[in-house]
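Each chain, letter by letter, is given below.
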Amino acid sequence: MQHSYRNRKRRKLKAEINVVPYIDVMLVLLIIFMVTAPLMNLGVDIELPKSNASSIQNDKEPVIVSVDQEGAMFLTIGASAREPVDEETLVNKVSAFVRQNPEVPVMIGGDERVDYGRIYAAMVLLQQAGAPKVGLMSQPNPPEGKAQAR
């Protein structure tokens, strides 16, 4: 009888693996990926001028997006008048113009007192509109010896 009891006990034994360390590793990897994933999509592909002080020479009239001190956006396409636009209108008009003129230069001019986030948002909108190159506009420095009036 002892022999059959021992066989029955052996049959009930199960080989189990301890999964707790694997779960711990998976949770750590999940946290690492959750933290690093948002950091991978922060860049906006722009192509800035390569030279420091020279102006850009273009044959075509540029598309100019202006951002004023309050963060409102204005659009100037070619020789047309400057018009206030919201985000959706900006994307629609620029994408339609870029489809017709693929090599048109697109420039952003922002007030120096405006929040950087508004300039960045305009760059993202222009990227969504399909603008191939986006440049930043600035005023040239005044000649040395002359004080800049503010």
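What you see is a predicted model; the values in this text were computed from it and never measured.

**Topic: the nonpolar core**
Working step 1: Val-63, Met-73, Leu-75, Leu-90, Val-94, Ile-108 and Leu-126 are the most contacted members of the largest nonpolar core, which has 23 residues in total.
Working step 2: When neighbours within four sequence positions are excluded, Val-63 is seen to be in contact with Leu-75, Thr-76, Ile-77, Val-94, Phe-97, Val-104, Pro-105, Val-106 and Met-107.

**A look at a nonpolar patch on the surface**
Working step 1: On the surface, Ile-17, Val-19, Tyr-22, Ile-23, Leu-27, Leu-30 and Met-34 cluster together into a nonpolar patch covering about 720 Å² of accessible area.
Working step 2: Tracing the sequence through the fold places Val-19 in the loop between α1 (2-12) and α2 (20-36).

**Overview of helix α4 (residues 116-128)**
Working step 1: Given a rise of 1.5 Å per residue, 13 residues ought to cover 18 Å, and the 19 Å separating the end C-alpha atoms of α4 matches this to within 8%.
Working step 2: Within α4, burial applies to Ile-119, Ala-122, Met-123, Leu-125 and Leu-126. Along the axis of α4, the buried residues cluster in a sector spanning 160°; they form a single face. Opposite the buried face of α4, at more than 90 degrees from it, the exposed residues are Tyr-116 and Gln-128.
Working step 3: Packed against the buried residues of α4 are β1 (63-67), β2 (73-77), α3 (87-100), β4 (106-110) and β5 (134-136).
Working step 4: In the segment just after α4, Gly-130 is the residue with positive phi, at about 90°.

**Some words on the pattern of salt bridges**
Working step 1: Counted under the stated rule, the structure contains two salt bridges.
Working step 2: Of the charged contacts, one joins Glu-87 and Arg-118 as a salt bridge, the two residues approaching to 3.6 Å between their closest N and O atoms. Here Glu-87 is found in helix α3, whereas its partner Arg-118 is found in helix α4, with 31 residues between them in sequence.

**Things to note about the packing of α3 against α4**
Two packed helices can be described by the angle between their axes and the distance between those axes.
Working step 1: At a minimum axis separation of 8 Å, α3 and α4 run at an interaxial angle of 40°. With respect to α4, the element α3 is oriented oblique. Viewed along their axes, α3 and α4 form a crossing whose handedness is right-handed. Each of Glu-87, Leu-90, Val-91 and Val-94 in α3 lies in contact with α4, whose residues at this interface are Arg-118, Leu-125, Leu-126 and Gln-128.
Working step 2: Each residue belonging to the contact of α3 with α4 can be placed in one class, and the counts come to five nonpolar, one polar and two charged.

What counts as what
In every chain, residue numbers begin from 1 and rise along the written sequence. Owing to the predicted nature of the model, reporting of local features is limited to residues with pLDDT of at least 70; listing and counting of side-chain atom pairs is limited to 80 or more, with chain, interface and lining totals taken over all residues. To get the side-chain values, all heavy atoms of the structure are used, and hydrogens and water are removed first. Nonpolar core, defined: a set of buried Ala, Val, Leu, Ile, Met, Phe, Trp, Tyr and Cys residues in which side-chain atoms within 4.5 Å join the residues together. Working definition: with a 1.4 Å probe on protein chains only, accessible area under 20% of the residue-type maximum means buried, over 50% means exposed, and in between means partly exposed. Whether two residues are in contact is decided by their heavy atoms, any of which lying within 4.5 Å being enough. Excluding any residue in a salt bridge, patches collect residues exceeding 30% relative accessible area, merging like charges within 9 Å and nonpolar Val, Leu, Ile, Met, Phe, Trp and Tyr side chains within 5 Å. Here the open area of atoms and residues is found with the Shrake-Rupley method and a 1.4 Å probe, where only the protein chains shown may cover a residue. We define a salt bridge as a side-chain nitrogen of Lys or Arg found within 4 Å of a carboxyl oxygen belonging to Asp or Glu. Only DSSP runs of H or I covering at least 4 residues are called helices, and only runs of E covering at least 2 are called strands; the numbering of each starts at the N terminus. To estimate how far a helix should reach, multiply one less than its number of residues by 1.5 Å. Throughout, the arc means the angular range of directions from the helix axis out to the C-beta atoms. In this description, a line fitted to the C-alpha atoms serves as the axis of each element, helices being fitted only across the stretch in contact, and the angle between N-to-C directions of two axes falls anywhere from 0 to 180 degrees. Angle categories: roughly parallel below 35 degrees, roughly antiparallel above 145, roughly perpendicular from 65 to 115, and oblique for all the rest. Handedness of a helix crossing follows the sense of rotation of the near helix relative to the far helix, less than a right angle counterclockwise being left-handed and clockwise being right-handed. Side-chain classes follow a simple rule in which Ala, Val, Leu, Ile, Met, Phe, Trp, Tyr, Cys and Pro form the nonpolar group, Asp, Glu, Lys and Arg form the charged group, and the remainder, Gly included, forms the polar group.

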